[in-house]
Amino acid sequence: MSASQTPPATAVPGDDEPTLLVKIFGKDRPGITAGLFDTLAAYSVDVVDIEQVVTRGRITLCALVTAPSPSQGSTGSTEGDLRATVHGWAESLNLQAEIISGRGDNRPRGTGRSHVTVLGHPLTAESAAAIAAAITSTGGNIDRIFRLAKYPVTAVEFAVSGAATEALRSVLAPEAARLGVDVAVVAAGLQRRAQRLVVMDVDSTLIQDEVIELFAAHAGCEAEVAEVTTAAMRGELDFEQSLHARVELLGGLDASVVEAVRKEVRLTPGARTLVRTLKRLGYQVGVVSGGFTQVTDALKEELGLDFASANTLEIVDGKLTGRVTGDIVDRAGKARLLRDFAQQAGVPLAQTVAIGDGANDLDMLNAAGLGVAFNAKPVVREAAHTAVNVPFLDTVLYLLGITRDEVEAAETHVG
């Protein structure tokens, strides 16, 4: 169409024009939606809005249409004729029909739109009530609710308008902690569907293990490594000091231990599904670790990751020297690497997702567009944008609006 051409008239009615809300309820079966609109077509009405949901085999179908006028239709049909015809059609299929007269379209949604994702294991009625009430307390309106997944957790998403995303997040975070459910709040819009970068911590996030402890077991110094770790947790050592102290205890180990440790590494449940699904959807995925490249490089190859960075154990003449080489990947280093990866991927920082469990991940979690604390300590959960407290890493997909059905479809097409 050229700029000089007049666009066709829109079917959306004005606020004062009569409309009908046609609601159909009953046992679902193929052909109901087609049958309703075939019935309405005889009255030359325009479709303004449609909503349909099927729950446990029961359909609720709503159609907002313009009201017929005596000049419409081949026989001068009226609203009364339409009502009688729709009710007759519904009764013939053992369905219920309700038709409500009104004017105009749906009322405009309030400014400020967000997606609120709730994960429960299980999701109780008490939790759903409390979350809905908390949303209302911010001035938000729940426009739509749908289920993302029924296992391994129940995940539902609320589309909310009328409240700022940050305001929703600040109210819902403490409520979620009180209820024992996980809640993520993200802004609505095209950005949510844009290509993203997901960056994860490794130890106790992507994998179930702490790699330094696996090496320590082979060196017979688990107790000494644990003592250094405890001192670091007490604040007596910073990460770099504790890393050097623990790695020093590994000095003299034969380099063959690297392959043994690689075989001992256990992926977190759902890790492979998470990465594979993200990759099939066009996301880029990376890891940053305070552990060692001797393990993360293997994980990068095994899982097809786009980025990986960690500390490197020095090996000389087939032995671990007890030292690391290169820049140290610490708390600040993880955040720096997130930015570096985003730049290389061509993804704005606002479209990055960071996942981690420890205080060492906090800078990265706060720098990302969405920071997810995964089975983390309270201080990390409180500082992150959202938290996941179930042992399934692929539940992070639901926070991105990806449904279980989409995950399973991706798994089915894995070649």
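Residues numbered from 1 in each chain as written. Predicted model: local features only at pLDDT ≥ 70, side-chain atom pairs only at ≥ 80, totals over all residues. Heavy atoms only, no water.

Relative to strand β12 (residues 319–325), strand β11 (residues 307–316) runs antiparallel, the two being bridged by four bridges. Note that in β12 the partner of Leu-313 across the bridge is Val-324. From the end of β11 to the start of β12, which pair antiparallel, there are two residues, and Asp-317 there has a positive phi angle of about 55°. (Pairing = 2+ DSSP bridges. Helix = DSSP H or I, 4+ residues; strand = E, 2+ residues; numbered from the N terminus.)

Reading across the sheet, the four strands line up as β2-β3-β1-β4 and stay open at both edges, with antiparallel pairing between neighbours. Whereas interior strands pair on both sides, the edge strands pair on one side only; in this sheet they are β2 (47–55) and β4 (96–103). Each strand of the sheet is rotated relative to its neighbour by a mean of 10°, with strand direction disregarded. Helix α1 (residues 32–41) contacts β1 (18–27), β2 and β3 (58–66) of the sheet and is inclined by roughly 25° relative to β3. On the sheet, helix α2 (residues 79–92) packs against β1 and β4 and is oriented at approximately 155° with respect to β4. (Axes fitted to C-alpha atoms, helices over the stretch in contact; angles between N-to-C directions. Contact = heavy atoms within 4.5 Å.)

Pro-122 follows His-121 through a cis peptide bond whose omega is 5°. Residue position: Pro-122 is located in the loop between β5 (113–120) and α3 (125–137). If you check the backbone angles, Ser-204 has positive phi at about 65° while not being a glycine. Residue position: Ser-204 is located in the loop between β9 (197–200) and α5 (211–219).

Take the nonpolar core next. With 59 residues, the main nonpolar core has Met-200, Leu-206, Phe-215, Phe-292, Ile-355 and Leu-393 as its most contacted residues. At five residues, the largest contribution of residues to this core is made by α5. The next biggest cluster of nonpolar side chains, apart from the first, holds 22 residues, and it includes Leu-338, Ala-345, Met-364 and Ala-384. (Core = buried A, V, L, I, M, F, W, Y, C linked by side-chain atoms within 4.5 Å. Buried < 20%, exposed > 50% of the residue type's maximum accessible area, 1.4 Å probe, protein only.)

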